[in-house]
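Fold and contact review
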Amino acid sequence: MHFEDFNFLAILAAAIANMAVGAIWYAPPVMGNRWMSLAGLKEDELVAPVPAMIKAFLSGLFVATTLAMLIVLTRHTGVKLGAMFGGGLALLCVAPAILPNYLFEGRPTKLWLIHIGNTTLAFIAMGAIIGAWH
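Focus: the environment of A64
Here A64 lies in helix 3 (residues 49-74). Measuring from C-alpha to C-alpha, the distance between A64 and N18 comes to 8.6 Å, with 46 residues separating the pair along the chain.

Set out below in structure tokens:
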């Protein structure tokens, strides 16, 4: 794997898509109200959005870069294969990896499902973008 194997515009677009998926998913009429209820949060208790969004975007850049590395290594190029690879990674690696955190913290399984739903859709979008632009 070489530096020129990466499309950095695709990685940037994937990180932006990650943020867009999260913005839609956690909007109040979609999953936002349910998420806040299950997490035991009230709107006035939420953290300042700008610092959290900057950190979330940087996290998304890291994930998109890692996903790009894996897509290059496995040759899962194209929209369909990239999307399937991203979704599979979310469901088969990320979801089971974080489930014990919810279980041991006594947090609701429905809250885990909300987060995994967002993660899966974001990974599908990121994988599709990276796969298409490779």
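Details of the side chain of T120
Mapping T120 onto the fold places it in helix 5 (residues 109-133). We classify T120 as buried; its relative accessible area is 11%. Setting aside its immediate chain neighbours within four residues, T120 contacts G87, A90 and L91.

Concerning the nonpolar core
In this structure, A64, L67, M126 and I130 are the most contacted members of the largest nonpolar core, which totals 13 residues. For this core, the secondary structure elements donating two or more residues are helix 1 (8-25), helix 3, helix 4 (79-105) and helix 5. Dropping the residues within four chain positions of it, M126 is found in contact with A14, N18, G60, V63, A64 and L67. Listed in part, the eight residues of the second largest apolar core include W25, A95, L111 and W112.

Some remarks on the packing of helix 2 (residues 28-39) against helix 5
Across the interface, helix 2 lies against helix 5 with an axial gap of 9 Å and an inter-helix angle of 140°. Relative to helix 5, the element helix 2 lies oblique. Once helix 2 is placed against helix 5, the crossing between them reads as left-handed. Contacts between helix 2 and helix 5 involve M31, R34, W35, L38 and A39 on the former and, on the latter, K110, L111, I114 and H115. Along the lines of polarity and charge, the residues of the contact of helix 2 with helix 5 split into six nonpolar, one polar and two charged.

Points about the confidence of the model for the chain
Mean pLDDT for the chain: 94, with 98% of residues reaching 70 or above. Mean pLDDT values over the elements of the chain span from 95, in helix 3, up to 98, in helix 1.

So, a nonpolar patch on the surface
Side chains of L9, L12, I16 and W133 sit close together on the surface and give an oily, nonpolar patch of about 410 Å² of accessible area. The leading source of residues in the nonpolar patch is helix 1, at three residues. Along the polypeptide, L12 turns up in helix 1. Its relative accessible area of 37% is what places L12 among the partly exposed residues.

Criteria and thresholds
- Residues numbered from 1 in each chain as written.
- Predicted model: local features only at pLDDT ≥ 70, side-chain atom pairs only at ≥ 80, totals over all residues.
- Heavy atoms only, no water.
- Helix = DSSP H or I, 4+ residues; strand = E, 2+ residues; numbered from the N terminus.
- Buried < 20%, exposed > 50% of the residue type's maximum accessible area, 1.4 Å probe, protein only.
- Contact = heavy atoms within 4.5 Å.
- Core = buried A, V, L, I, M, F, W, Y, C linked by side-chain atoms within 4.5 Å.
- Axes fitted to C-alpha atoms, helices over the stretch in contact; angles between N-to-C directions.
- Parallel < 35°, antiparallel > 145°, perpendicular 65-115°, else oblique.
- Left-handed = near helix turned anticlockwise from the far one by under 90°.
- Nonpolar A, V, L, I, M, F, W, Y, C, P; charged D, E, K, R; others polar.
- pLDDT = per-residue confidence, 0-100.
- Patch = residues over 30% accessible without salt bridge, like charges linked within 9 Å, V, L, I, M, F, W, Y side chains within 5 Å.
- Areas by Shrake-Rupley, 256 points an atom, 1.4 Å probe, with all protein chains shown as cover.
- Salt bridge = Lys/Arg side-chain N within 4 Å of Asp/Glu carboxyl O.

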